[in-house]
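Residue-level structure breakdown
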Amino acid sequence: MAWLKALNPAGIIEELKHKLAWLQEQWRGTRSENEQLRRENEQLRQQREQLEQERDRLRQDNEKLKRQLEQALRANKRQAAPFSRGKRKENPRRPGRKSGAAYGRHHRKRIPEQVDEVITVSPPAHCPNPNCGGALEVEDMQSQYQQEIVRQTIWRRFDIPICRCTVCHQRVPGRHPLQTSNALGAAAVQLGPEALAMGVNLNKGLGLPHADVAAVLQHGYGLQVSRSTICRAVERVARRGEATWKALREAARRSLVNGIDETGWRVEAQLRWLWAVVSETVTFCDILPGRSFEQAASLLGKDYDGWLTHDGWAVYYKFLQAAHQSCVGHLIRRCRDMAEVARPAAARFPLQVKALLEEGLRLRDRYQEAKLSLHGLWTATGRLEVKLDRLLARSHRDSANRRLAKHLRHERPYLFTFLYCPGLDATNNVVERMLRFLVVVRKNWGGNRTERGARAQAVLTSILATAKQQSKNPMDLLVELLCSSEKEKLLNIVPPAQVPKVVMQSSAPALEVSAKMHSPAHADIPMLPELPSSPPVIRSIFSSA
């Protein structure tokens, strides 16, 4: 019995109970840890699936961006603009006019009042039907008109009297209005003013290189012309047109409304900038070495205080006394391009901005169609500005949207100036259209080889573009410059210095302005009581208000 006392069964049982309770506690803790690990494993699995989906989306976006980059690189290497519009429509409409009543109004050229040559056509000898061959009799006469050019080259000889002054003994030759130069001797054989004017117009007005101009004159009119002849003619006309060019700059500075823009240009294979200022009746161009305010001020003057329409380049806002209109077309195009490459959530902001700007253009059109009063136009514009302010007050996670919002906050006072000043253009498309031709010329030539060529380019581009604006024949102006003996010849394309009132836009409702515009920085200038405080401060007299 002694061994039973030594074993102590009650103590063993109690010890086993404690051990069993401890094991149960350990099992419960292990079970809860297993449950927690299972939940964490499930969360990790869901995160992995999300990461895989995000990776697939990023891979797709990467492939899309690669394709767009490849297309952009290929387009950049093209020598001409891409004419393809991309993927063709599955069921395109049939080109051309519709048949029947859907054709529309029929047009025909007007019969000329004067005919220079009459040709009587002989009747056919017999019937053209191979199975007939019978005799024909005339039963009616119909008239057909043809407008033709006569390729005829003539030689002129000027018998020039050489005189000498009896007082100072100066040699004075005579001069006919058709002469382009007083050169005699080795330079006595020259081209006439019409031929030279056509060569200059083909080169600077239509963008043909010197060799192509010489080929046109040779094959079309039988003139033996070299490229150097065309080059010297261009420089001669440019020298005689510099007075007109400078007068056009002064006319641009006097204009109440100007559009301004610039594009890259090459002079002696070095980067320059071709600047253009376009008003209602005048275009002024210059090729300058920089793109800063110093160059812009050399065109309009640093104290220009009219309306200025541009693409939002920061340099233009240094015209502190001018009232600005930032180009709405550039912003709409930027928003559209952003929405095409952004995610659906990120594309919402540029699409909303685009819709607001397009609504502003529709308000302008309604006012021009007399469907909206001036007070109603300004009220609707204020609502547009409130919507835009709400959009700009939000924060954006996308970096492109943050950049767009930052730009819009800077442009905010200058977006809807065209609605507070009806008749002001909402875009700088006038300048863009003018520069589009020069961009094509830049692709053909690559720029100018010399500084004199760049000066000639600026002078003749200004004269020819202004002539086109005023619907004047450029050939007549070039002939006038070539035949003029005046060193400071002023063409009649320069507007008068005193202009009491300027109509902002001929297609817009009558809105005449007799005072200058001012920027938002001039808060001390009194405003019209109808104008809210958000648009640029404008001191003007509205004849329609």
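As a reminder, the structure under discussion sits directly above these lines.
In what follows, the accompanying structure is described. (Residues numbered from 1 in each chain as written. Predicted model: local features only at pLDDT ≥ 70, side-chain atom pairs only at ≥ 80, totals over all residues. Heavy atoms only, no water.)

1. Quick word on helix H4 (residues 210–221)
- With 12 residues, H4 extends 16 Å from end C-alpha to end C-alpha; this agrees with the ideal 16 Å at 1.5 Å per step.
- Among the residues of H4, Val213, Ala214, Leu217 and Gly220 are the ones counted as buried. In an axial view of H4, the angular spread of the buried residues amounts to 155°, which keeps them on one side of the axis.
- Contact partners of the buried residues in H4: helix H3 (193–205) and helix H5 (227–240).
- Downstream of H4 by a residue or two, Gly222 has a phi angle that is positive, lying close to 70°. (Helix = DSSP H or I, 4+ residues; strand = E, 2+ residues; numbered from the N terminus. Expected span 1.5 Å × (residues − 1). Buried < 20%, exposed > 50% of the residue type's maximum accessible area, 1.4 Å probe, protein only. Arc of directions from axis to C-beta. Contact = heavy atoms within 4.5 Å.)

2. Some details on the packing of aromatic side chains
- Taken as a whole and assessed by the stated rule, the structure comprises four aromatic pairs.
- On the numbers, 5.0 Å between centres and 65° between planes, the contact of Phe293 with Phe319 is edge-to-face. Of this pair, Phe293 sits in helix H7 (residues 293–300) while Phe319 sits in the loop between strand S6 (307–310) and strand S7 (323–326); the two residues are 26 residues apart in sequence, bridging distant segments of the chain.
- According to the relative accessible area criterion, Phe293 is buried, its value standing at 19%.
- Phe319 gets classed as buried once you look at its relative accessible area, which sits at 0%. (Phe/Tyr/Trp six-rings, centres within 6.5 Å; stacked < 30°, edge-to-face > 60°.)

3. Some remarks on the packing of helix H9 (residues 344–368) against helix H10 (residues 374–393)
- Where H9 meets H10, the axes come as close as 10 Å, and the angle between the chain directions of the two elements is 175°. With respect to their mutual orientation, H9 and H10 come out roughly antiparallel. Of the residues in H10, those touching H9 at Phe349, Gln352, Val353, Leu356, Glu359, Gly360, Leu363 and Tyr367 are Leu374, Leu377, Ala380, Thr381, Leu384, Lys387, Leu388, Leu391 and Leu392.
- Looking at the contact of H9 with H10 residue by residue, the classes come out as 12 nonpolar, three polar and two charged. (Axes fitted to C-alpha atoms, helices over the stretch in contact; angles between N-to-C directions. Parallel < 35°, antiparallel > 145°, perpendicular 65-115°, else oblique. Nonpolar A, V, L, I, M, F, W, Y, C, P; charged D, E, K, R; others polar.)

4. Structural notes on the pairing of S7
- Burial along S7 is two-sided: Ala323 and Gln325 and His324 and Ser326, pointing in opposite directions, are all buried.
- Inspection of the sheet shows S6 paired to S7 by four bridges, in the parallel sense. Paired with His310 across the two strands is Ser326, which belongs to S7. (Pairing = 2+ DSSP bridges.)

5. Notes on the nonpolar core
- Membership of the largest hydrophobic core comes to 66 residues, with the highest contact counts inside it found for Trp275, Leu300, Phe319 and Met434.
- In terms of residue count, the dominant contributor to this core is helix H14 (residues 451–469) (nine residues).
- Counting 34 residues, the second-largest nonpolar core is a separate cluster that includes Leu377, Trp378, Leu384 and Ala405. (Core = buried A, V, L, I, M, F, W, Y, C linked by side-chain atoms within 4.5 Å.)

6. Description of the pattern of salt bridges
- Enumeration according to the criterion identifies 20 salt bridges in this entry.
- A salt bridge links Arg253 to Glu250, with the nearest nitrogen and oxygen atoms 3.8 Å apart. Highlighted residues: Arg253 and Glu250, both in helix H6 (residues 242–254), separated by three residues, approximately one helical turn.
- A relative accessible area of 28% places Arg253 in the partly exposed class.
- By relative accessible area, which is 36% here, Glu250 ends up partly exposed.
- Residues Glu358 and Lys354 are paired through a salt bridge, measuring 2.9 Å at the closest nitrogen-oxygen approach. Here the residue Glu358 and the residue Lys354 both occupy positions in helix H9, the gap between them amounting to four residues, near one helical turn.
- Glu358 gets classed as partly exposed once you look at its relative accessible area, which sits at 26%.
- Of the residues examined, Lys354 reaches a relative accessible area of 18% and is grouped as buried.
- Through salt bridges with shared partners, a single network forms among Glu42, Arg45 and Glu49. (Salt bridge = Lys/Arg side-chain N within 4 Å of Asp/Glu carboxyl O.)

7. Regarding the packing of H3 against H4
- Packing of H3 against H4 leaves a shortest axis separation of 9 Å and a crossing angle of 135°. Accordingly, the angle class assigned to the pair H3 and H4 is oblique. For the pair H3 and H4, the crossing hand works out as right-handed. Note on element contacts: H4 touches H3 through His210, Val213, Val216, Leu217 and Tyr221, opposite Ala195, Met198, Gly199, Leu202 and Asn203.
- Within the contact of H3 with H4, the residues separate by chemical class into seven nonpolar, three polar and no charged. (Left-handed = near helix turned anticlockwise from the far one by under 90°.)

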